[in-house]
Protein chains: 2
Amino acid sequence: MNRPAIAAVLFLAATAVSVQAQQLKPEDQIKQRKSGYAVMGHNFASLAAMAQEKKPYNKEQAVRNAELVSVLSDYQKNFFGRGTDKGETKAKAEIWKNRADFDDKMEAMIGEARKLPQAARGDLASLKKAVGDTGAACKACHDDYRAK
Amino acid sequence: MNRPAIAAVLFLAATAVSVQAQQLKPEDQIKQRKSGYAVMGHNFASLAAMAQEKKPYNKEQAVRNAELVSVLSDYQKNFFGRGTDKGETKAKAEIWKNRADFDDKMEAMIGEARKLPQAARGDLASLKKAVGDTGAACKACHDDYRAK
C-alpha cells in the first residue's frame with residue numbers, strides 16, 4: 001500500500017473504534033462508565049481487603065472478584081467520548097487536554113487488571129502482588145484525572 | 001453427620017452466602033445491582049441488535065459483549081437483600097413475597113447467559129439462538145418483578 005492508502009485505512013480503523021461510543025449520547029456514556037467503575041470498585045475493594053488481611057482470604061471469592069475487575073477494566077475506556085466531561089461525573093477536564101497521557105495510564109491499569117484472575121488462582125502472596133500493582137495503576141490515573 | 005449437625009452446617013453455609021450482601025447498606029446494594037444491570041443491558045442490547053441484524057455481526061465485539069453479560073449475570077443476585085425494596089429501584093415488592101420463584105427465574109437467566117460466550121465464538125446462527133434464549137429468560141423475570 002502506498003502512503004495515502006495506509007493513512008486512509010488507519011483513519012477508517014480509528015473511526016470504527018470510536019463508532020460504538022459515538023452512537024451513545026454523552027449522558028448514556030457517563031452512565032455506562034460510572035456503572036462499570038462502580039462494579040469494578042466494589043470487587044477491587046474486596047480483593048484489597050483480602051490482600052490487606054482485613055477480611056479472610058477466600059480463593060473462590062477472590063477469583064470471582066478478579067474476573068469481574070479484569071473483564072470490566074477495558075470497558076469504560078469506550079465511554080470517554082466528546083461531551084462526556086460535563087454532567088454528573090468526577091472525570092476531570094484534564095482527561096481531554098492530556099488525552100494521550102490519560103490513555104497510557106488507562107492501558108497500564110488494564111494491563112495490571114488482566115493479571116488479577118491468574119494471581120487470584122494462585123495464593124495470597126500472588127494476590128497481594130497483583131492487587132498492589134493494580135491499585136497503584138488505578139491511583140496513578142485517579143490522582144490526575146478524577147475529582148475528589 | 002446426624003440430623004442436628006447437618007442442620008447446623010446448612011445454617012452456617014446459608015449465613016456465609018448472605019454475609020457479603022448483609023455487610024452492604026441497602027442503598028449500596030441497590031447501587032451495585034443497578035450498575036451491574038446497566039452494563040449487562042448495554043452489552044446485551046448490542047448482542048440483540050446483531051441477532052436481529054439491526055447492526056453488522058462482528059464476532060470480536062460479540063464475544064466481548066457476551067463475556068461481560070455472562071460474568072455479570074450472577075453478580076446482581078447478591079444485592080437483593082433486606083431493605084433493598086425501597087428507594088431508587090424498579091425492583092417490585094413481589095420479589096420478596098415470591099422469593100423462591102424469583103430465585104428460580106434468576107438462576108434460569110444465569111444459566112442461559114453463561115452459554116452466550118461460546119455461542120458468540122460460533123457463528124451468527126448460534127448467537128441468535130443463545131440471544132433468543134437469554135432474552136426470553138430476562139423477560140420472564142422482568143414481566144413479574146421489574147416495574148415499567
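Below you will find a few notes about this structure. (Residues numbered from 1 in each chain as written. Chains lettered and ligands numbered in written order. Predicted model: local features only at pLDDT ≥ 70, side-chain atom pairs only at ≥ 80, totals over all residues. Heavy atoms only, no water.)

### A word on the overall build of chain A
Basically, it comes down to this: Helix numbers and strand numbers start at the N terminus; a helix is a DSSP run of H or I with at least 4 residues, a strand a run of E with at least 2. The buried label goes to any residue with under 20% of its type's maximum accessible area, the exposed label to any with over 50%, and the partly exposed label to all in between, with areas taken from a 1.4 Å probe on protein chains only. Here the open area of atoms and residues is found with the Shrake-Rupley method and a 1.4 Å probe, where only the protein chains shown may cover a residue.
Helices and strands together make up the secondary structure of chain A, namely 7 helices and 0 strands. Its helices and strands in sequence order give chain A the pattern α-α-α-α-α-α-α, from N to C terminus. Evaluated residue by residue, chain A yields a buried proportion of 39% over its 148 residues. For chain A, the exposed surface amounts to about 8300 Å²; the carbon and sulfur share of it is 57%.

### Let's talk about the packing of helix α2 (residues 26–51) of chain A against helix α3 (residues 59–73) of chain A
Residues and elements named next belong to chain A. Spelled out, the test is: Lines fitted to C-alpha atoms define the axes here, with helix axes fitted over just the stretch in contact, and angles between the N-to-C directions of these axes take values from 0 to 180 degrees. For any helix crossing, the convention is left-handed if the near helix is rotated counterclockwise from the far helix by under a right angle, and right-handed if that rotation is clockwise. Throughout, a contact is declared for two residues whenever any of their heavy atoms are within 4.5 Å. Nonpolar residues are Ala, Val, Leu, Ile, Met, Phe, Trp, Tyr, Cys and Pro. Charged residues are Asp, Glu, Lys and Arg, and all others, Gly as well, are polar.
It is at 9 Å that the axes of α2 and α3 come closest, and there the two elements cross at 145 degrees. Classified by chirality, the crossing of α3 by α2 is left-handed. Residue-level contacts link G36, V39, M40, N43, F44, S46, L47 and M50 of α2 to Q61, A62, N65, A66, L68, V69, L72 and S73 of α3. When the residues that make up the contact of α2 with α3 are grouped by side-chain class, the tally is 10 nonpolar, 6 polar and no charged.

### A short note on helix α2 (residues 26–51) of chain B
Put simply, the rule reads: Residue count minus one, scaled by 1.5 Å, sets the expected span of a helix.
An ideal rise of 1.5 Å per residue puts 38 Å on 26 residues; α2 of chain B measures up with 36 Å between its terminal C-alpha atoms. Taken from the residues just after α2 of chain B, E53 of chain B is the one with a positive phi, measuring 55 degrees.

### Regarding the interface of chain A and chain B
Spelled out, the test is: Take the accessible area each of two parts loses on contact, using a 1.4 Å probe, and add the two losses: that sum is the buried area. Counted as a polar contact is a pair of N or O atoms within 3.5 Å, where, for protein atoms, one must be capable of donating a hydrogen and the other of accepting one, and residues adjacent in sequence contribute only when both atoms are in side chains.
Contact with chain A, which involves 17 residues of that partner, is made by 17 residues of chain B. Here chain A and chain B share an interface that buries about 1600 Å² over both sides, 63% of which is from carbon and sulfur atoms. Taken together, chain A and chain B are joined by 4 residue pairs in polar contact (both at pLDDT 80 or more). Among the elements of the structure, α2 and α3 of chain A are those that each provide at least two residues to the side of chain A that touches chain B. Looking at which element gives the most residues to the side of chain A that touches chain B, the answer is α2 of chain A, with 8 residues. In the side of chain A that touches chain B, the residues fall into 8 nonpolar, 7 polar and 2 charged.

### Examining the nonpolar core
Keep this limit in mind: Put simply, buried Ala, Val, Leu, Ile, Met, Phe, Trp, Tyr and Cys residues joined by side-chain atoms within 4.5 Å make one nonpolar core.
The biggest cluster of nonpolar side chains holds 71 residues, and the ones touching the most others in it are L47 of chain A together with L47 of chain B. Looking at which element gives the most residues to this core, the answer is helix α7 (residues 124–145) of chain B, with 8 residues. Setting aside chain neighbours within four positions, we find L47 of chain A in contact with A62, N65, A66, V69, L116, L127 and V131 of chain A.

### Concerning the relation of the copies chain A and chain B
Worth spelling out the cut-off: A residue counts toward the fit only if its pLDDT is at least 70 in both copies, and the copies are then superposed by least squares on the C-alpha atoms of those residues.
Structural alignment of chain A on chain B gives an RMSD of 0.0 Å, achieved by rotating through 180 degrees and translating 0.0 Å along the axis. One copy is carried onto the other by what is essentially a two-fold rotation axis. Using C-alpha coordinates, one finds that chain A approaches the rotation axis most closely at S35 of chain A, a distance of 2.1 Å.

### Re the pattern of salt bridges
Residues and elements named next belong to chain A. Here is the rule: Salt bridges are identified by distance alone: a Lys or Arg side-chain nitrogen within 4 Å of an Asp or Glu carboxyl oxygen.
Under the defined criterion, the tally for this structure stands at 24 salt bridges over all chains. The partner of K105 in a salt bridge is D101, with the nearest N and O atoms 3.0 Å apart. Within this pair, K105 and its partner D101 are both found in helix α5 (residues 99–113), separated by 4 residues, close to a single helical turn. Among the residues examined, D101 registers a relative accessible area of 32% and is labelled partly exposed.

### Here we look at the side chain of Q76 of chain B
All names here are of chain B. Turning to its location among the elements, Q76 is positioned in the loop between α3 (59–73) and α4 (94–97). Of the residues examined, Q76 reaches a relative accessible area of 0% and is grouped as buried. At 3.1 Å, the side chain of Q76 forms a polar contact with the backbone oxygen of L72. Contact partners of Q76, with chain neighbours within four places excluded, come to Q32, R33, G36, Y37 and M40.

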